[in-house]
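What follows is the residue order along each chain.
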Amino acid sequence: DPQQIELAMASKRKLRRFIVIDEVVDKLYGSKVREYFEENNVQHKILALPTTEETKSMDLVLNILHEVQNFSLDRRTEPIIAIGGGVCLDIVGLAASLYRRRTPYIRVPTTLLSYVDASVGAKTGVNFLQCKNKLGGYTPPVASFLDRSFIQSIPRRHISNGLGEILKMALMKHKGLFDLLKSHGKYLLDTKFQSCDSFAHHGDAALQTTRIAIETMLEELAPNLWEDDLDRLVDFGHLISPELEMRVLPSLMHGEAVNVDMAFMTYVAHARGLLGAEEKEQILQCMRGLELPVWHSGCSWALIQRALRERLKHSGGQPRMPLPTGLGVADIFNDTSEETLERAYELWVKD
């Protein structure tokens, strides 16, 4: 807003910012962040924290809020800045939503997963009683700043982890995105989503892939930001994975758990006659090409049953199961029988 910028520039008060940064990101980029604020004469406080699924709790939120109170933020003009992966963005979003009932905050994602997932939408949250994101709310950031250069410093497995959420959008909504992942998956892993002029035959696969993933995610989320409609294609891969992820921590990352869920649901779609054998194999082959797990021993039949019962509690008594009906097309189903699920599970285990 030009008017706000003008007011800020004209103000005699020194600019102030409170920044929460993941401690690993701080080791890599903390000096550059501090240098930036010092060069721009911004009074700042940087709080470096361990933000992992294991530490994603109300205790960490309260820790942040104590520091925010000591810094004495102006809740209208001094947004809190979160720099880190999805866990960091979720925790800071919840803290900002609680402080003075709502303090603006800015998301700066530093992993591929948070770049295409947590940076988009309004959800904030923490884990509670060993349940994923059991406490949280819907408080969108005032801005998300997307910079793919952060991604070059994360391990290859983390790139693969983010590709799980991108593949979700491809399978649900965009055949072109699926084709991009199938053709350029290894290249994206090798180059860590950096745009490389020397690989012209790949085009700018990194830019195309992330742009389509975010645009398709926004198409789904924007009309239903507060989840008034519980029929959500973006829930694909998220029916069993929350239970699985929390049960086997830290052996599976979020995108990996989502992919195990998607692999099983691909078998469910096949068992229902929605996908042919060739389409099923194409999906599984793409998953393997992205170096994502298509199976985990912790995903037992008992866990699947428990996860689907939990799903019913939070989705108005209906499973609301998103399933692919082809490559890049999908629908939501409420009539998948226990027999079909068990048949799909047995074939999945066998394969």
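Residues numbered from 1 in each chain as written. Predicted model: local features only at pLDDT ≥ 70, side-chain atom pairs only at ≥ 80, totals over all residues. Heavy atoms only, no water.

*Asks:* Pulling in residues and values, what's your account of the nonpolar core?
*Replies:* For soluble globular proteins, the rule of thumb is that nonpolar side chains tend to be buried together. Judged by nonpolar contacts, the single largest core of 69 residues is most densely connected at Leu167 and Phe264. Among the elements that make up this core, the one with the highest residue count is helix H10 (residues 254-271) (ten residues). Summarising the domain contributions, this core has at least three residues from each of domain 1 (12-152) and domain 2 (156-224 + 231-350). Discounting residues that sit within four places of it in the chain, Leu167 has contacts with Phe178, Leu181, Asn259, Met262, Cys286, Met287 and Leu290. Ile64, Val87, Leu89 and Ala96 belong to the second largest nonpolar core, which has 25 residues in total. (Core = buried A, V, L, I, M, F, W, Y, C linked by side-chain atoms within 4.5 Å. Buried < 20%, exposed > 50% of the residue type's maximum accessible area, 1.4 Å probe, protein only. Helix = DSSP H or I, 4+ residues; strand = E, 2+ residues; numbered from the N terminus. Domains from an automatic or database assignment. Contact = heavy atoms within 4.5 Å.)

*Asks:* Break down the domain arrangement of the chain for me, with residues and values.
*Replies:* In terms of domain boundaries, the chain breaks down into domain 1 (12-152) and domain 2 (156-224 + 231-350). Put simply, the middle of domain 1 and the middle of domain 2, counted by C-alpha atoms, are 27 Å apart. Taken together, the contact between domain 1 and domain 2 spans 20 residues of the former and 29 residues of the latter. Interface of domain 1 and domain 2: buried area, both sides summed, is about 2000 Å²; carbon and sulfur atoms make up 67% of it. Broken down residue by residue, the surface that domain 1 buries against domain 2 is led by Leu112, Leu113 and Arg148, which jointly contribute 32%. If you look at where domain 1 meets domain 2, you find four residue pairs in polar contact (both at pLDDT 80 or more). Contributing elements (two or more residues each) for the side of domain 1 that touches domain 2: helix H5 (112-118), strand E5 (123-128) and strand E6 (131-138). If one sorts the elements of the side of domain 1 that touches domain 2 by residue count, H5 sits on top with five residues. When its residues are assigned to classes, the side of domain 1 that touches domain 2 shows eight nonpolar, five polar and seven charged. (Buried area = accessible area lost by both parts, 1.4 Å probe. Polar contact = N/O pair within 3.5 Å; in protein donor to acceptor, adjacent residues only side chain to side chain. Nonpolar A, V, L, I, M, F, W, Y, C, P; charged D, E, K, R; others polar.)

*Asks:* Could you give an account of the packing of helix H7 (residues 175-191) against helix H8 (residues 205-221), naming the residues involved and the relevant values?
*Replies:* Relative orientation of the contacting elements H7 and H8 amounts to 135°, with a least axis distance of 10 Å. By the angle between their directions, the pair H7 and H8 is classed as oblique. Seen from above, H7 lies across H8 with left-handed handedness. On H8, the residues touching Leu177, Leu180, Leu181, His184, Tyr187 and Leu188 of H7 are Ala205, Ala206, Gln208, Thr209, Ile212 and Ala213. Among the residues forming the contact of H7 with H8, the class breakdown is nine nonpolar, three polar and no charged. (Axes fitted to C-alpha atoms, helices over the stretch in contact; angles between N-to-C directions. Parallel < 35°, antiparallel > 145°, perpendicular 65-115°, else oblique. Left-handed = near helix turned anticlockwise from the far one by under 90°.)

*Asks:* Can you tell me about the pairing of E5, naming the residues and giving the values?
*Replies:* Sheet analysis places E5 next to E6, joined by five bridges and oriented antiparallel. Opposite Val126, over in E6, you have Leu135 as the bridge partner. Count of turn residues in the E5/E6 antiparallel hairpin: two residues, of which Leu129 carries a positive phi of about 55°. (Pairing = 2+ DSSP bridges.)

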